[in-house]
Amino acid sequence: MIQSAKGTYDILPSDISKWHYLEAIIREVCELYNYQEIRTPIFESTGLFERGVGESTDIVTKEMYTFLDKGNRSITLRPEGTAGVVRSYVEHKMYAEANQLTKLYYIGPMFRYERMQKGRSRQFYQFGVEALGANNPMLDAEVIALSVNIFKRLGLKEVKVLINTLGDTESRLNYRKALINHLKPFQDSLCTDCKKRLEINPLRVLDCKVDKNHQAIKTAPEMKAYLNAESQQFFDNVLKCLDDSGIEYVLDNNLVRGLDYYNHTVYEIISNVEGFGAQTALGGGGRYNGLVQVIGGPDIPGVGFAFGMDRLILALEAENITIPESDNVDVYLVTMSDKTNQFAMKILDILRKNQIKCDKDYFDRKVKAQFKQADKVKAKYVIIIGEEEMKQNKVSIKNMKNEVQETIEVKELVKELTERLEVYYESNS
Ligand code: HAM
């Protein structure tokens, strides 16, 4: 038997209501904040991620699904959404209108060749937002507020916002130098990855999982000592906006994030719930002034974040949050004999044209088994079609809750069912 490829999994119909619920809340909250959906391709030219995400990152050096297509072009399955969205922003000159802010969101699969773990797969789903056009700390705070709002709407309580600043390019470069000087004497005792990171991306040493208790990291200089006045002011303003909106956060000096494009604000939201597993980062993001230029556009600032939707589903489960089940079928048709089948098909057609969710049996089941099926699909009403009634253009309609059954004319059926279903949904909402 051929199984799903390693690192991938199916989202089965029995689980899909969780995803629909999550997606509906995401769309609702994004609209509240005036973000519009964008859908970019699942694969892009490899160069986009090398330039956009950064050649020294784990994503680019180890995790990309890259291949040559039949035209010998190097193609990569997108490992994240930001680079593709920025590419599209530049390609379609969305910046053309002066002083315009472009607020975008996306939902879709991403691909990283990573070691499998609970909450970590090779095809996973991200929801993300990108706000392009303004270098305003209020926008950083808005993006964080939007994500926190989604958690609240989902009912997740055990979450924590970690925040840090990397400062502007000048501050970051100064800090980089100081960090390399500090780390150099410890180089031999760092893990293999950190030995390499020290030269190409020393900030990443700070959030290494292997070396996290290493003396070198514990005694490392802090970014905040190297921030120039402008960067400090920017960060203070972000924090003030968060305070004003009542958003709680924890300052984390070692938070640097794994992608190269960040400057100024970086943040992550982690789950605190017990038994969540090792992958506690539900999402993260930050400011990326400079990325639009790297991808070939003008010097336009941006800020955004992305959540792992798979991990959000795990968090909902870990916090025992019940998700409203979607009602699959309103009406189930039960036929008393073969002769009524065609008539039943006509009724189904009429109901569907009138937006009534309905179904029937296609296995020639006995009447009792058809009723069992009606229960299984949680039908609110059953329409019973007998030969005699059919001749008179009538059907019986049974309320599955109180078991009351009546005969009505087919021409009354849509009106009757619509009214009754309205009452049902009102009393169950
Ligand atoms: P990231 O931190 O690489 O950021 O990924 C965001 C989230 O995607 C993670 O916090 C995690 O929940 C989820 N994730 C990442 N890898 C996996 C995996 N293998 N399996 C399951 N979930 C995973 C970014 O991707 C940036 N593009 C975020 C951003 C947008 N920054 C600015 N704008």
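Numbering of residues begins from 1 in every chain and follows the order in which that chain's sequence is written. Local features are withheld for residues below a pLDDT of 70 in this predicted model, meaning they are given only at 70 or higher, and side-chain atom pairs are given and counted only at 80 or more; totals for whole chains, interfaces and linings count all residues. Each side-chain value is worked out from all heavy atoms of the structure, with water and hydrogens disregarded.

Undergrad: Explain the overall build of the protein to me, and be specific about the residues and the numbers.
TA: The way it works is that DSSP assigns letters per residue, a run of H or I at least four long becomes a helix, a run of E at least two long becomes a strand, and they are numbered from the N terminus. Assigned secondary structure in the protein consists of 15 helices and 16 strands. Atoms considered for the radius of gyration are the C-alpha atoms alone. The globule rule reads 2.2 Å times the number of residues to the power 0.38. Taking 2.2 N^0.38 as the reference for a compact globule, 429 residues should give roughly 22 Å; the C-alpha atoms of the protein span a radius of gyration of 28 Å, well beyond that estimate. Along the longest, intermediate and shortest principal axes, the C-alpha atoms of the protein span 90 × 50 × 45 Å. Buried positions account for 50% of the 429 residues belonging to the protein. Here a residue-residue contact requires only that any non-hydrogen atoms of the pair lie within 4.5 Å. Counting only contacts in the protein whose residues sit at least 6 apart along the sequence, the fraction spanning at least 24 positions is 71%. For every accessible area listed, the method is Shrake-Rupley and the probe measures 1.4 Å; residues are considered covered only by the protein chains on display. Of the accessible surface of the protein, which amounts to about 22,400 Å², a share of 50% is contributed by carbon and sulfur atoms. His is not counted, nor are the chain ends; Lys and Arg add positive charge and Asp and Glu add negative charge. Where a charge lies is defined by one atom per residue type, namely NZ (Lys), CZ (Arg), CG (Asp) and CD (Glu). Looking at the protein, you have 57 positive and 61 negative side-chain charges, and the mean spots of the two groups are 4 Å apart. Accessibility here uses a 1.4 Å probe with only protein chains present; expressed as a share of the type maximum, an area under 20% marks a residue as buried, one over 50% as exposed, and anything in between as partly exposed.

Undergrad: Could you give an account of the sheet that holds strand E15 (residues 394-399), with specific residues and numbers?
TA: What the five strands build is an open sheet, ordered E13-E12-E14-E15-E16; its pairing is mixed. Each edge of the open sheet is held by one strand with a lone partner, namely strand E13 (358-360) and strand E16 (405-409). Taking each pair of neighbouring strands and ignoring which way they run, the sheet shows an average axis angle of 30°. Two strands qualify as a pair provided DSSP detects at least 2 bridges between them. Bridge count for strand E12 (residues 331-335) against E13 is three bridges, and the pairing is parallel. When the sheet's bridge partners are listed, Leu333 is paired in E13 with Lys360. For every element, the axis is a line fit to its C-alpha atoms; helices are fit only across the contacting stretch, and the angle between N-to-C directions ranges from 0 to 180 degrees. Seen against the sheet, helix H12 (residues 341-353) touches E12, E13, strand E14 (381-385) and E15 and runs at an angle of roughly 165° to E13.

Undergrad: Explain the layout of surface pockets to me, using residue names and the numbers behind them.
TA: Volume-wise, the second largest pocket comes out at about 360 Å³. Of the grid points, spaced at 1 Å and generated over the protein atoms alone, those admitting a 1.4 Å probe that cannot get out make up cavities, while open sets with protein on both sides within 12 Å along at least five of seven lines make up pockets; any residue with an atom within 4 Å of a point is treated as lining. What lines the second largest pocket is a set of 21 residues, and nearest its centre among them are Thr169, Arg172, Asp260, Tyr261 and Tyr262. Elements represented by at least two residues in the lining of the second largest pocket include exactly helix H2 (46-52), helix H6 (169-183) and helix H10 (291-294). Of the residues forming the lining of the second largest pocket, the biggest block, four residues, is contributed by H6. Asp, Glu, Lys and Arg are counted as charged, while Ala, Val, Leu, Ile, Met, Phe, Trp, Tyr, Cys and Pro are counted as nonpolar; the rest, among them Gly, fall into the polar class. Classifying every residue of the lining of the second largest pocket gives eight nonpolar, seven polar and six charged. Grid points are joined across faces, edges and corners, and a volume is the space filled by probe spheres set on the points.

Undergrad: Can you break down the environment of Asp252 residue by residue, with the values?
TA: Topologically, Asp252 is positioned in the loop between strand E8 (250-251) and strand E9 (263-271). Along the chain, Asp252 and Val266 lie 14 residues apart, while their C-alpha atoms are 9.8 Å from each other.

Undergrad: Go over the sheet that holds strand E7 (residues 159-165), please, and point to the residues and values.
TA: With respect to topology, eight strands assemble into an open sheet ordered E1-E5-E6-E11-E10-E9-E7-E8, the strand pairing being mixed. On the outer flanks of this sheet lie strand E1 (36-37) and E8, each paired with one strand and no other. Relative to strand E10 (residues 281-287), E9 is paired through six bridges, and the arrangement is antiparallel. Paired with Asn263 across the strands is Arg287, a residue of E10. Packed onto the sheet, helix H5 (residues 137-154) meets strand E5 (102-111), strand E6 (123-132), E7, E9, E10 and strand E11 (302-308) and runs at close to 20° relative to E11.

Undergrad: Account for the site of the ligand, with residues named and values stated.
TA: Nearness is judged by heavy atoms alone; a residue qualifies as near a molecule or strand once a single heavy atom is within 4 Å of it. Taken together, 26 residues sit near the ligand, with Glu80, Glu114, Ser121, Glu130 and Tyr262 positioned nearest. Between the ligand and Arg257 there is a distance of 2.9 Å, counted from an oxygen atom to a side-chain nitrogen or oxygen. Residues adjacent in sequence count toward polar contacts only when both atoms are side-chain atoms; beyond that, a polar contact is any pair of N or O atoms within 3.5 Å, and within protein one must be able to donate a hydrogen and the other to accept it. One nitrogen or oxygen atom from the main chain of Ala281 is found 3.0 Å from an oxygen atom belonging to the ligand. The fraction of the free accessible surface of the ligand (660 Å²) that becomes covered by protein chains is 95%. If you list the elements that add at least two residues to the shell around the ligand, you get E6, E10 and E11. Top element by residues in the shell around the ligand is E10. It accounts for five residues.

Undergrad: Please provide a residue-by-residue account of the pattern of salt bridges, values included.
TA: We define a salt bridge as a side-chain nitrogen of Lys or Arg found within 4 Å of a carboxyl oxygen belonging to Asp or Glu. Counted according to the given criterion, the structure contains 28 salt bridges. Two residues, Lys240 and Asp244, come together in a salt bridge whose shortest N-O distance is 2.9 Å. On the criterion of helical spacing, the pair formed by Lys240 and Asp244 is a turn pair, its members being four residues apart in helix H9 (residues 229-244). Residue Lys240 is classed as partly exposed on the basis of its relative accessible area, which comes to 49%. Asp244 gets classed as exposed once you look at its relative accessible area, which sits at 57%. Arg257 is paired through a salt bridge with Glu268; the nearest N and O atoms lie 2.9 Å apart.

Undergrad: Tell me about the environment of Tyr106, residues and numbers included.
TA: If you trace the backbone, Tyr106 turns up in strand E5. In the structure, Tyr106 is positioned 80 residues away from Ile26 in sequence and 9.7 Å away in space, judged by C-alpha atoms. Of the polar contacts made by the side chain of Tyr106, one reaches the side chain of Glu130; its length is 2.7 Å.

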